Amino acid sequence: MEAIEQRIKEQGDKVRSLKSSKADKDVITAEVAALNELKAELKALTVNDPSAAPADKPAKADDKKGKGGFTLKNAKGTKDYTPQEMAVREKIFSTIIGVFKKHGGITIDTPVFELKEILSGKYGEDSKLIYDLEDQGGEKCSLRYDLTVPFARFLAMNGKEYQNIKRYHIAKVYRRDQPAMTKGRMREFFQCDFDIAGTYDSMIPDSECLRVLSECLTALGLGDFTIKINHRKILDGIFEVCGVPEDKIRTISSAVDKLDKLPWADVRKEMTEDKGLDPKAADLIGEYVLLKGGAELLERLYADAKLGTNARAKEGLDDMTTLFKYLDVLNVTRHVSFDLSLARGLDYYTGLIYEAVLEGSAPPTLANGEKARATVKKGTDELDESTVGVGSVAAGGRYDNLVGMFSGVNKKGQPNLVIPCVGISIGVERVFSILMQKQKKEQIKSNEVEVYVVGLGGVSVEARMKICTELWDAGIKAEFAYKLKPRTQNQWDACDRDMIPFAVIVGGDEIEKGLIKIKDMRSKDESQKGGIEYPRTEMIAEIQRRLAEL
């Protein structure tokens, strides 16, 4: 917080200096814009935290009192979305759903809360982030932490009907995490999941999931991205040959997964001092988990004297060899990095794992070249946004045993139902935070209205209603002023404010003659003047023709 306040002060001094020296107008405009962006960032940081606001500028949003004396603010880790923001979010959802459907996805829904026992023990060290609810009528429930475990429970309950399914699910999930609002790290947020359930030949559905993820991130226009991939069996093999006891494999895996946020020295310290791993084993692990590359890394690992003969690792390496072959065919390899530091802390993954990161999504880099360590804002449990990055925007992997955990076991101790699964999950809030940084709110069209009906010279509201009705009946999105005698300028202002591309203009004379005028509101071409005249009977066809050209 102090860092951004200092940047605002420095930028303000710079602007004042440029103005006093009568610098080039364009230069001043650019620097003022940069100052406003910094102020907006500070506002976003302080709007939900009165203690974070500067002493001379108390946070307005938190100081509002309702008539009953309530403090009007959002619960920590949640936020409201404006019409402009929702327009961006709806575009995100429609883009992702379009890709999911193109690949044959069908959707389901599950309750926002599950029995506590369904969620318990599935998320490793992150289980502490689950929101538990009060006992209601003898059932202990928790808010869902993700959409994967509820999907596995759904399959366990409906396995006979859905042995094979490509399912997508877009819904809110809840985690009692340390929020960093401007980086899309929240306690209530949407996930967009696409999963392929069923028994298929090795790595075929896995490769298509990576293709789906690549298509989504490309279509969203997020810029350059990398999909880091690894395999749980390779990791488990590495831990075995390095001397990690079987009962410590998952907890050591969780430590390794922090390498995208922490330097190796900190991760090693956690493994040895906090989790009791032999320092020699930790050093051996370090020789492996810092490796990354492409298909060529597979050859190096196959040739490794210890790892190449480990049964678990060999199985994982064989899977990855097949995967790279399919990714070449699907034109995804260019986005992929084989990264042995990727571990994914969730306990239910059994095979391929992956996560997608963008340019600039890592934590800020300090002057000494190290990544900044996440710190908590003083007096709160919220993260200081200036010390964290956006992180991964999507993740996923293979989880072959999760459905079986819910199906019970037979006399031989084997699950009654086994449905292998693989899937991806896209974090909407992180995608949204990145897209909002790329555009200005005033440039976002918050509605989809295509035509505004403008009445001139006292044209009745009934006449404007009639034209709107004709447009609506033709499937054209249209509006008119809710005034009996609206001012002409107010109607033009509505077109500009809502970025409505076309106006249908009617006056008393036009109605009598069966005429209307159409004006392109995006163009300032004087040749249009008051609009181009058309017979009323041609209005729909002409509007449709123009809309088709947008």
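Higher on the page you've got the structure.
The sections below set out a description of the structure shown in this document. (Residues numbered from 1 in each chain as written. Predicted model: local features only at pLDDT ≥ 70, side-chain atom pairs only at ≥ 80, totals over all residues. Heavy atoms only, no water.)

Re the sheet that holds strand 12 (residues 451-455)
Rules: When DSSP finds at least two bridges between two strands, those strands are taken to pair. Labels follow the DSSP assignment, with helices taken as runs of H or I lasting at least four residues and strands as runs of E lasting at least two, numbered in each case from the N terminus. Each axis is a line fitted through C-alpha atoms, taken for helices only over the stretch in contact, and angles between the N-to-C directions span 0 to 180 degrees.
Pairing within the open sheet is mixed, and its five strands lie in the order 13-12-14-15-16. The outermost strands of the open sheet, each flanked by one partner alone, are strand 13 (478-480) and strand 16 (532-535). Each strand of the sheet is rotated relative to its neighbour by a mean of 30°, with strand direction disregarded. Bridge count for strand 12 against strand 14 (residues 502-506) is five bridges, and the pairing is parallel.

Observations regarding the packing of aromatic side chains
How two aromatic rings sit relative to each other is given by the distance of their centres and the angle of their planes. For clarity, the threshold we go by: We call Phe, Tyr and Trp rings a pair once their centres come within 6.5 Å, taking the six-membered ring for Trp, and we label the pair stacked below 30 degrees between planes, edge-to-face above 60, and tilted otherwise. A simple rule labels every residue: compare its accessible area, found with a 1.4 Å probe on the protein chains alone, to the largest value its type can have, and call it buried under 20%, exposed over 50%, or partly exposed in between. In our convention, an over-ring charge means Lys NZ or Arg CZ found within 6 Å of a ring centre and within 35 degrees of that ring's normal.
On inspection of all chains with the given rule, the structure shows eleven aromatic pairs. Ring centres of Phe100 and Phe194 lie 5.3 Å apart, and the angle between their planes is 35°; on these two criteria the pair is classed as tilted. Of the two residues, Phe100 sits in helix 4 (residues 83-102) while Phe194 sits in strand 5 (residues 188-197), which places them 94 residues apart along the sequence. Each of the two residues, Phe100 as well as Phe194, counts as buried. Their ring planes at 65° and their centres at 5.5 Å tell us that Phe480 and Tyr482 sit as a pair that is edge-to-face. Linked through ring pairs, Tyr123, Tyr145, Tyr348, Tyr349 and Tyr399 together constitute an aromatic cluster. Between Arg89 and the ring centre of Phe432, over which it is positioned, the NZ or CZ distance is 5.2 Å. Stacked on the ring of Trp492, the Lys or Arg Lys519 has its end atom at 5.2 Å from the ring centre.

Comments concerning the packing of helix 4 against helix 15 (residues 428-438)
What counts here: Just so you know how the angles are binned, under 35 degrees is roughly parallel, over 145 roughly antiparallel, 65 to 115 roughly perpendicular, and the rest oblique. Take the far helix as your reference; a near helix turned counterclockwise from it by less than a right angle gives a left-handed crossing, and one turned clockwise gives a right-handed crossing. The contact criterion used throughout is that any non-hydrogen atoms of two residues lie within 4.5 Å.
The geometry of helix 4 relative to helix 15 is characterised by a closest axis approach of 10 Å and an angle of 125° between their N-to-C directions. Taken as axis vectors, helix 4 and helix 15 run oblique relative to one another. Read as a crossing pair, helix 4 and helix 15 show a hand that is right-handed. Counted together, Glu85, Val88, Arg89, Ile92 and Phe93 of helix 4 and Val428, Glu429, Val431, Phe432, Leu435 and Met436 of helix 15 form the full contact between these two elements.

Some thoughts on the nonpolar core
What counts, and what does not: Nonpolar core, defined: a set of buried Ala, Val, Leu, Ile, Met, Phe, Trp, Tyr and Cys residues in which side-chain atoms within 4.5 Å join the residues together. For the purposes of this description, domain bounds are those given by an automatic or database domain assignment.
Phe100, Ile229 and Ile285 are the most contacted members of the largest nonpolar core, which totals 100 residues. In terms of residue count, helix 4 provides more of this core than any other element does, seven residues in total. Here this core gathers at least three residues from each of two domains, domain 2 (78-197 + 400-445) and domain 3 (232-397). Discounting residues that sit within four places of it in the chain, Phe100 has contacts with Gly105, Tyr168, Cys192, Asp193, Phe194, Val212, Cys216, Ile424 and Ile426.

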